[in-house]
Each structure stands twice: as C-alpha cells, then as structure tokens.
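If you want the building blocks of each chain, they are given just below.
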Amino acid sequence: MKDRSVEDILAAVRQIPPGFVRTYGDLCPGAPRFTGTALRGIGDRVPWWRVVHADGTLAVGEEQRRRLEAEGVPFLNADPPRLDMRTARLPDGLP
DNA sequence: GTGATGACGGAAA
DNA sequence: CTTTCCGCCATCA
C-alpha cells in the first residue's frame, strides 16, 4: 500500500497496533520526509508516537519515548534511547 | 506554473 | 562504533 497522500498515511498510522511501531520509510517509501510532514500538526488524532526512525531512534522527543514504553514496546538501554526494531517493528501487510 | 521545505533514509568516511 | 552528506517526493506559498 504505497501511501502517497496525507490521509492515507494517517490511516496507516491508525492501523499500527499498540506495542508495535512503523518507520517513516515504511509508511512512505521513496519520500520518508513527507511522512513527518504529514504527522506535523495532527495532534492526538492518530497514534503518531508509534512512528519512529528506521534505526529505532525517536523523532519527536522523550514525550514519545514515554508513550511507547507505556505500551510495552521493547526499548534498548542505550545512550540515545532506541527501540529494538526486530521486535517492535511491524511487518508490512499486517494491520 | 515554479521554488523552497521537511517528525527521513541510506551510503560514505 | 559515530558523524557527515546527498537525494527523495508530496505540500505549501
């Protein structure tokens, strides 16, 4: 599902089940930057905190880290707090 | 219609 | 392992 518009991206973000995350590149292959632009200024209309960088680092701030941690997302105790992508990342095709 | 912008990604050093 | 650089494409002014 190659999302090309903001609405499609927001829809995809809503499909992310609690405890898992998707990367910007997964939501918009070829234009990962646009994913961030789409999420910029949405509010809590969608679970934006479940969208992280491909390497597992967060994009917004510790605000996001707290929410993910609350959902039971596996975090690695590293200097820059980052997620364990091989477990937290949700494969494409799945809701 | 054109130009600039960006919650990124991947490669290179 | 870390840091730096370029490019991508949809939106906005």
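Only a predicted model underlies this, so the values are computations on that prediction, with no experimental measurement involved.

A. Quick peek at the protein's contact with DNA strand B. Taken together, Thr23, Tyr24, Gly25, Pro32, Arg33, Gly36, Leu39, Arg40, Trp48, His53, Ala54 and Val60 make up the full set of residues near DNA strand B. Backbone sugar and phosphate groups make up 39% of those atoms of DNA strand B lying within 4 Å of the protein. The contact in question runs from a base nitrogen of DNA strand B to an N or O atom on the side chain of Arg33, over 2.3 Å. Mapped by element, the contributors of at least two residues to the surface near DNA strand B are helix 2 (24-27) and helix 3 (32-39). When residues of the surface near DNA strand B are assigned to their parent elements, the largest contribution, four residues, is made by helix 3. Residues of the surface near DNA strand B, tallied by class, amount to six nonpolar, four polar and two charged.

B. Structural detail: the side chain of Arg50. Along the chain, Arg50 turns up in the loop between helix 3 and strand 2 (51-52). A polar contact of 2.6 Å, which involves the side chain of Arg50, links it to the backbone oxygen of Ile16. Here Arg50 is in contact with Ile16, Pro17, Pro18, Phe20, Val21, Arg22, Gln64, Leu68 and Glu71, once residues within four sequence places are set aside.

The rules behind the values
- Residues numbered from 1 in each chain as written.
- Chains lettered and ligands numbered in written order.
- Predicted model: local features only at pLDDT ≥ 70, side-chain atom pairs only at ≥ 80, totals over all residues.
- Heavy atoms only, no water.
- Near = heavy atom within 4 Å.
- Polar contact = N/O pair within 3.5 Å; in protein donor to acceptor, adjacent residues only side chain to side chain.
- Helix = DSSP H or I, 4+ residues; strand = E, 2+ residues; numbered from the N terminus.
- Nonpolar A, V, L, I, M, F, W, Y, C, P; charged D, E, K, R; others polar.
- Contact = heavy atoms within 4.5 Å.

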